Amino acid sequence: MVNHGDPLVHHPVWESIHARQYISLSAVICLLWEHTLTLSQEYTFVWKSRLTVTKWLYLIMRYLSIACQLANHWMSSNLLSSTPLSKSACTSWFNFQASYATVVHSLFELILIVRVWVLYRRAGFVGVILACVYLCEQTLVWYTLWNADSTSSSMRLAC
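Residues numbered from 1 in each chain as written. Predicted model: local features only at pLDDT ≥ 70, side-chain atom pairs only at ≥ 80, totals over all residues. Heavy atoms only, no water.

## Some thoughts on the packing of aromatic side chains
Within the structure shown, the criterion is met by one aromatic pair. Taken together, a centroid distance of 6.2 Å and an interplanar angle of 15 degrees make the contact between Phe96 and Tyr100 stacked. Placement of the pair is Phe96 and Tyr100 together in helix α3 (residues 87-119), with a separation of four residues, close to one helical turn. Given the relative accessible area of 22%, Phe96 is considered partly exposed. A residue is classified by how much of its surface remains accessible, and Tyr100, at 17% relative accessible area, is buried. (Phe/Tyr/Trp six-rings, centres within 6.5 Å; stacked < 30°, edge-to-face > 60°. Helix = DSSP H or I, 4+ residues; strand = E, 2+ residues; numbered from the N terminus. Buried < 20%, exposed > 50% of the residue type's maximum accessible area, 1.4 Å probe, protein only.)

Here it is in structure tokens:
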């Protein structure tokens with residue numbers, strides 16, 4: 001039986017560790033549930049269709065998100081489950097999450113860019129504008145991630 005009056009049980013570090021694990025597990029379950037619900041539609045509209053750039057981008061984004069979320073849950077359950085949390089473990093986890101979110105977001109944007117370009121009948125001018133905006137954004141995002149200070153407020157909140 002758990003003693004709810006025990007200060008170790010209600011210590012903020014333990015509470016944040018358990019919260020991180022439960023939130024991570026919830027995200028995995030929701031993602032797998034969504035994939036299960038839409039698998040028949042994916043088969044009909046994606047796997048049976050011809051090969052296109054957007055199809056490959058979609059499939060990479062869809063299955064990379066599952067793999068990364070499973071890896072994130074493993075990290076939060078193993079790498080980040082003991083106290084004290086080492087700064088290197090926390091930094092690795094934060095960098096993984098930031099990179100994973102950026103890659104998936106970038107794939108989503110590429111899908112939208114290709115679709116808009118096709119809507120404009122593959123106009124060269126529209127393609128150049130979309131490509132330039134995308135490359136500028138990606139340069140800024142990755143520069144910011146690369147130079148993120150490990151003492152930033154978002155890093156302190158994550159760990």
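## A few points about the UniProt feature "transmembrane region" (unreviewed entry) in the chain
In the numbering used here, UniProt assigns the feature "transmembrane region" (unreviewed entry) to residues 96-118 and 125-145. Between the C-alpha atoms that bound residues 96-118 there is a distance of 33 Å. The span itself is 100% helix and 0% strand. With 100% helix and 0% strand, residues 125-145 has its two end C-alpha atoms placed 30 Å apart. (UniProt positions renumbered as here; feature names shortened; annotations may be inferred.)

## A short note on α3
With 33 residues, α3 should reach 48 Å at 1.5 Å per residue; the first-to-last C-alpha distance of 48 Å fits that figure. Of the residues trailing α3, Arg121 is marked for its positive phi of about 55 degrees. (Expected span 1.5 Å × (residues − 1).)

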